[in-house]
Amino acid sequence: MSNFEIIDCHIHPAIDKKTDFRWYHKSGGVKKQFDDLKRAGITKACGSLVVRNPASFKEIKQLNDAALSIRDRYPGFYIPGIQIHPNFPDESCREIERCCIGHGVRWIGELVGYLMGFTDDYASKNMFQILKIVPKFKAVVNFHCADLNVVERVCKRFPEINFVLAHPWEGEVFLSRIKTVAKFDNLYLDCSGTGIDRYGMLRKAVEIAGRKKLLFGSDYPINNPAVYVHGALFEKLSERFYRDFFSGNFKKLLGT
Ligand SMILES: [Zn+2]
């Protein structure tokens, strides 16, 4: 076990069958999930609840209410992330205001379009309407996007928003993604999902984008969080890197 403070910026708490994306077993209660994360050496975790193809904005709001309620029960451990949806731009704007002003939320996402029914639709008119109000609340946007043209358009259009791209992926795709991260001051990468198992990925990421642009994330409960903690440590990078990667960069983005 490491002595580093480790903040997992990319989890999806599960509260029922619809929000539980663990593959082979049920995730169990929230306490059990957080005990799992702690057992992997994680000291805090951030992220949103997700469902497949929500039918209404009410359903999305319920996810956000659940995130806020989990934060109230585990204030020292869980940092809530909220969901919005480009099919509901006005409702999404009001929801950002409600959660950011009323409840001190600073993290939007991970937004997962392919799951929630809007694919890589981050550069649309509706999404731009929503993103336009984000700088007012200094919130960070964590998003899943395979299309780097879309990523570039969003970063260019909103230089005052800090975006965290989810997942390195591998090979040429990873190299293009990390080069895009290096290109934009307001774009970061979280290491969740595919990537860490390709030995040397983190070292390469630091070489290309620098240690200030990378954040620790696991995508728990889909993924085994210990794989990410240990996989990162096994690359034997500098103490300074691990302090930034595991917690420093996240805290800086949140202004804490
Ligand atoms: Zn995710």
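Structure shown above.
Please read all numbers here as calculations on a predicted model, not as lab measurements.

(A) Highlighting the environment of Y24. On the secondary structure map, Y24 appears in the loop between β1 (7-8) and α1 (30-39). Considered as a pair, Y24 and I222 are 198 residues apart in the sequence and their alpha carbons are 9.3 Å apart.

(B) Structural context of the sheet that holds strand β4 (residues 107-112). Pairing is parallel in the open sheet, where 8 strands are placed in the order β1-β2-β3-β4-β5-β6-β7-β8. Each edge of the open sheet is held by one strand with a lone partner, namely β1 and β8 (214-215). Sheet analysis places strand β2 (residues 44-47) next to strand β3 (residues 78-82), joined by 3 bridges and oriented parallel. Within β3, the residue paired with G47 across the bridge is P80. Helix α7 (residues 171-183) contacts β6 (163-166) and β7 (187-190) of the sheet and is inclined by roughly 140° relative to β7.

(C) Layout of helix α9 (residues 225-233). Of all the residues in α9, the buried ones are P225, Y228, V229 and A232. One side of α9 carries all its buried residues, which in axial view fall inside an arc of 95°. Residues of α9 that are buried sit in contact with β1, α1, α8 (201-209) and α10 (239-254).

Calculation rules
- Residues numbered from 1 in each chain as written.
- Predicted model: local features only at pLDDT ≥ 70, side-chain atom pairs only at ≥ 80, totals over all residues.
- Helix = DSSP H or I, 4+ residues; strand = E, 2+ residues; numbered from the N terminus.
- Pairing = 2+ DSSP bridges.
- Contact = placed C-beta atoms within 7 Å.
- Axes fitted to C-alpha atoms, helices over the stretch in contact; angles between N-to-C directions.
- Buried ≥ 20, exposed ≤ 12 C-beta atoms within 10 Å, placed from the backbone.
- Arc of directions from axis to C-beta.

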